[in-house]
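What the coordinates show
Residue strings, one per chain:
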Amino acid sequence: MTEQYLITLLPGDGIGPEITKVTVEVLKAIAPKFDLELSFQEGLIGGAAIDATGNPLPEETLTMCRQSDAVLLAAIGGYQWDSLPRQQRPETGLLGLREGLGLFANLRPATIFPQLIDASTLKPEVIQGVDLMVVRELTGGIYFGQPKGIFTSETNEKRGVNTMAYRESEVDRIAKVAFEIAQKRTKKLCSVDKANVLDVSQLWRDRVTAMAANYPDVELSHLYVDNAAMQLIRNPRQFDTIVTGNLFGDILSDEAAMLTGSIGMLPSASLGATGPGVFEPVHGSAPDIAGQDLANPLAMVLSAAMLLRYGLNQDLAATAIEKAVWQVLEAGIRTGDIMSPGMVQVGCQGMGEALLEAL
Ligand code: NAD
């Protein structure tokens, strides 16, 4: 039976429209092979939305997103909007989208493609075969805890305060997402905290440990965040799925991403309890190369694969896209950012054509 899905596209700014075009062509090519009927609607976000409406996230865009099955976002931002007041900046649109859709789980895979192993600054023998997923809590922890602010004491000294706080229910819901992702992968989950020092982390560890009883097939381990940061560089292959809070996840997901060395290859997903997830490349709008057919569309294409797997539960279609990316790299086809001697350089569109051929 054909399954029907509505996808909201948010091309945004800079290279966004170019990489969106390629990604949609890939999705349209893959859909009939897996009995999927995908329809698309396009919304404004970021600088493009500011120029058209004065608002980086028009209400209409949020409504469109809420009514769809998944949201595919390219990138937002650019120099021309950097001096606007904070409320009118492109980034405010992105934060509003995450909040509006209740996206509390951020998924950041770091996968080494053997064809691009030289892009990493680490030794090939250390990173060969790395394929891990960082699951970061996105809406709680120290970035949102109260009290926060800069306060002046009776002795007239200023004191800056942020509060790291997690409720049981917040830990439980992110742990549930992480266990379920680990089940879809190699069934190994490592929870990262600082339970030797922080009470909030002790609660985190207790709840994650309690949750493990529901997932007897998943092997759970715990690491302190300082050790996790070292282990990611020393022996990243030991990890499969990592779950952690907002602050630690912010740092570790970027560290894990840099194991790969190539920003144009990194996808991500943000999920809520119900409703559509948002799938987007990790990189920004790359205004320096926008409109020149130089962008690497693969991070967004791989985000579309995550959309199929984690947003629509279409694992086979997701794997087919990932295989096509693999084949194109295997054939030596590269955009400028991942180019190396002896390979064939193509533009954004050329990469799209190669993917369609591989599919
Ligand atoms: P960036 O990721 O846009 O670019 C960093 C460098 O990587 C640039 O040299 C760029 O050309 C290159 N690059 C990035 N993506 C590429 C791709 N797909 N193919 C080839 N090369 C690529 O980061 P930046 O320069 O710090 O920021 C530019 C704008 O993007 C800013 O306005 C920033 O606020 C915004 N930004 C948006 C997001 C997002 O939408 N999630 C994330 C980061 C930055």
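Each value, and the rule that gives it
Residues numbered from 1 in each chain as written. Predicted model: local features only at pLDDT ≥ 70, side-chain atom pairs only at ≥ 80, totals over all residues. Heavy atoms only, no water. Near = heavy atom within 4 Å. Polar contact = N/O pair within 3.5 Å; in protein donor to acceptor, adjacent residues only side chain to side chain. Areas by Shrake-Rupley, 256 points an atom, 1.4 Å probe, with all protein chains shown as cover. Nonpolar A, V, L, I, M, F, W, Y, C, P; charged D, E, K, R; others polar. 1 Å grid on protein atoms, 1.4 Å probe; cavity = no way out; pocket = protein on both sides within 12 Å on 5 of 7 lines; lining within 4 Å. Points joined across faces, edges and corners; volume = space filled by probe spheres on them. Helix = DSSP H or I, 4+ residues; strand = E, 2+ residues; numbered from the N terminus. Domains from an automatic or database assignment. Expected span 1.5 Å × (residues − 1). Buried < 20%, exposed > 50% of the residue type's maximum accessible area, 1.4 Å probe, protein only. Arc of directions from axis to C-beta. Contact = heavy atoms within 4.5 Å.

Glancing now at the site of the ligand. The environment of the ligand is formed by 20 residues, the closest being Glu 91, Gly 284, Ala 286, Asp 288 and Asn 296. Within the side chain of Glu 91, an N or O atom sits 2.8 Å from an oxygen atom of the ligand. Between an oxygen atom of the ligand and a main-chain N or O atom of Ser 285, the distance comes to 3.1 Å. Protein contacts shield 69% of the accessible area of the ligand, which totals 800 Å² for the unbound molecule. The class makeup of the residues in the shell around the ligand is ten nonpolar, six polar and four charged.

Once that is clear, we can look at the layout of surface pockets. Counted as a void, the largest pocket has a volume near 850 Å³. What lines the largest pocket is a set of 30 residues, and nearest its centre among them are Glu 91, Leu 94, Leu 95, Arg 98 and Leu 138. Per-element accounting of the lining of the largest pocket gives the leading share, seven residues, to helix H4 (residues 90–100). In the lining of the largest pocket, the residues fall into eleven nonpolar, ten polar and nine charged. Composition of the lining of the largest pocket by domain shows at least three residues from each of domain 1 (1–107 + 262–359) and domain 2 (121–259). When its volume is computed, the second largest pocket comes out at roughly 610 Å³. For the second largest pocket, the lining is made up of 26 residues, of which Thr 111, Asp 131, Arg 185, Arg 309 and Glu 322 are closest to its centre. For the lining of the second largest pocket, the secondary-structure elements that each account for two or more residues are strand S4 (105–111), strand S5 (131–137), helix H10 (298–311) and helix H11 (315–330). Element by element, the count of residues in the lining of the second largest pocket is highest for H10, at four residues. Residues of the lining of the second largest pocket, tallied by class, amount to 14 nonpolar, five polar and seven charged.

Moving on, we come to unusual backbone geometry. With an omega of 0 degrees, the peptide bond between Gln 146 and Pro 147 qualifies as cis. Residue position: Pro 147 is located in strand S6 (residues 145–152). In the Ramachandran plot, Ala 286 falls in the positive-phi region, its phi being about 40 degrees despite a non-glycine side chain. By the element assignment, Ala 286 lies in the loop between strand S12 (278–281) and H10. Unlike most non-glycine residues, Asn 313 shows phi in positive territory, near 60 degrees.

Before going further, it helps to spend a moment on helix H7 (residues 199–211). Between the first and last C-alpha of H7 there are 18 Å, a value that for 13 residues agrees with the 18 Å anticipated at 1.5 Å per step. Of the residues making up H7, those classed as buried are Val 200, Ser 201, Trp 204, Arg 205, Val 208 and Met 211. Viewed end-on, H7 has its buried residues packed into an arc of 135 degrees, placing them on one side of the element. Packing partners of the buried residues in H7 comprise S5, helix H6 (168–184), strand S8 (188–193), strand S9 (219–224), strand S10 (241–244) and helix H9 (246–260).

On to helix H2 (residues 46–53). Regarding H2, the residues found buried are Gly 46, Gly 47, Ala 49 and Ile 50. Along the axis of H2, the buried positions cluster into a sector of 160 degrees, meaning they face one direction only. Opposite the buried face of H2, at more than 90 degrees from it, the exposed residues are Asp 51 and Ala 52. Buried-residue contacts for H2 involve H4. With its phi angle positive at about 85 degrees, Gly 54 sits one or two positions after the end of H2.

Here we take up empty space enclosed by the protein. Enumeration according to the criterion identifies two cavities of 30 Å³ or more in this entry. Along the walls of the largest cavity sit 13 residues, with Met 164, Tyr 166, Ser 201, Gly 245 and Phe 248 positioned nearest its centre. Secondary-structure elements contributing two or more residues to the lining of the largest cavity are S8, H7 and H9. For the lining of the largest cavity, the residue count by class is eight nonpolar, four polar and one charged. In this structure, the second largest cavity encloses a volume near 40 Å³. Every residue lining the second largest cavity is listed: Thr 111, Ile 112, Phe 113, Leu 116, Thr 260, Ser 262 and Met 265. Considering only residue class, the lining of the second largest cavity consists of four nonpolar, three polar and no charged.

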